[in-house]
Amino acid sequence: MPDMQPPAGFTLLNRYRVFGGWQQFFSHSSTNTHCDMRFGLYLPPQAEAGRVPLLIYLAGLTCTEETFAIKAGAQRIAAELGLAVLTPDTSPRVRLPGDDESWDFGLAAGFYLDATEAPWSTHYRMYSYVASELPYALARSFPVDTARMGIFGHSMGGHGALTIGLKHPERFRTLSAFAPISAPMQCPWGQKALPRYLGENRDAWRRYDATELVATVRNAAQRAPLLVDQGLDDEFLAKQLMPEKLEAACRAVGYPLTLRQHAGYGHGYWFVSTFVEDHLRHHARGLSAAA
């Protein structure tokens, strides 16, 4: 896209030349969320010669489509490896009653699920938006290859990446997470969000809980090796994140997990930026890009 004219259906908001590629931010109208959505897209230099693998990053509570692109420092390695990096927003930005009463529910807290309860069910359909709509809409207009696609994320976004990746191993060939909400059915964040978005049927909650989903990927060939990094000084570790429950669930069914725990590291982007290169190389190997 050397002339920088956005394809039909996308509005270019900003663009920046970075390590020979382009970091861009767009808005578009979503058929799943029934509103305008924003996303970031980093296209490495290799995208000027042909399609490149697509890596989706899902951000956490309070974040936007800009957070990872600005704070993680990923573009240098993505340019080296020839990876496109897509960063969706963390929720629809329509205004609904009570959507800004707390920082961990509603705006910027969509939990990457398809809500079934009013008033959230009309717009809060981030699962379908990320898993089905957005990457394939991009592939029709941008040089990204959805046959070589991976997903990762941080905190709430780590939860989203795990649940989406585990439910669609045929689409997402690589999977990783930073400090994910591993067992939302068992932690306060999840116990607040899941009933409000999905109602009181706990079977519906299980469809968005990584510790429940690892057992559903029965085809060994589709079990993408999972890399999880966790800071041991993370203030949310014991009460909200519970990586030990994900580790136990993976061990019980033989799902390949590498859980790395790091003394002194907290929950924020100082932690993410420290280990982001490892995650990009993990995905590049699985997506057959240069590593």
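Just so you know, these numbers come straight off a predicted model, no measurement behind them. (Residues numbered from 1 in each chain as written. Predicted model: local features only at pLDDT ≥ 70, side-chain atom pairs only at ≥ 80, totals over all residues. Heavy atoms only, no water.)

### Thoughts on the nonpolar core
Here is step 1: Counting 100 residues, the largest nonpolar core has Phe-68, Phe-111 and Tyr-197 as its most contacted members.
Here is step 2: The greatest single-element share of this core, amounting to nine residues, is contributed by helix H3 (residues 126–139).
Here is step 3: What Phe-111 contacts, discounting residues up to four positions off in sequence, is Leu-61, Asp-104, Met-156, His-159, Ile-181, Trp-189, Ala-193 and Tyr-197. (Core = buried A, V, L, I, M, F, W, Y, C linked by side-chain atoms within 4.5 Å. Buried < 20%, exposed > 50% of the residue type's maximum accessible area, 1.4 Å probe, protein only. Helix = DSSP H or I, 4+ residues; strand = E, 2+ residues; numbered from the N terminus. Contact = heavy atoms within 4.5 Å.)

### A look at helix H10 (residues 269–286)
Here is step 1: With 18 residues, H10 should reach 26 Å at 1.5 Å per residue; the first-to-last C-alpha distance of 24 Å fits that figure.
Here is step 2: Largest kink in H10: about 45°, centred on Phe-275.
Here is step 3: If you check which residues of H10 are buried, you get Tyr-269, Phe-271, Val-272, Phe-275, Val-276, His-279, Leu-280, Arg-281, His-282, His-283 and Ala-284.
Here is step 4: Count one or two residues on from H10 and you reach Ser-288, which has phi positive near 60°. (Expected span 1.5 Å × (residues − 1). Bend = angle between axes of the 7 residues up to and from the residue.)

### Structural notes on the pattern of salt bridges
Here is step 1: As enumerated under the stated definition, the model contains 16 salt bridges in all.
Here is step 2: Across the pair Arg-125 and Asp-114 runs a salt bridge whose closest N-O atoms are separated by 3.6 Å. Of this pair, Arg-125 sits in the loop between strand S5 (84–88) and H3 while Asp-114 sits in the loop between S5 and H3, placing them 11 residues apart in sequence.
Here is step 3: Take Arg-125: its relative accessible area is 24%, and that puts it in the partly exposed class.
Here is step 4: With a shortest N-O distance of 3.9 Å, Glu-212 and Arg-206 are connected by a salt bridge.
Here is step 5: Glu-212 gets classed as partly exposed once you look at its relative accessible area, which sits at 35%.
Here is step 6: A relative accessible area of 32% places Arg-206 in the partly exposed class.
Here is step 7: Residues participating in the shared-partner salt-bridge network are Arg-76, Glu-80, Glu-277 and Arg-281. (Salt bridge = Lys/Arg side-chain N within 4 Å of Asp/Glu carboxyl O.)

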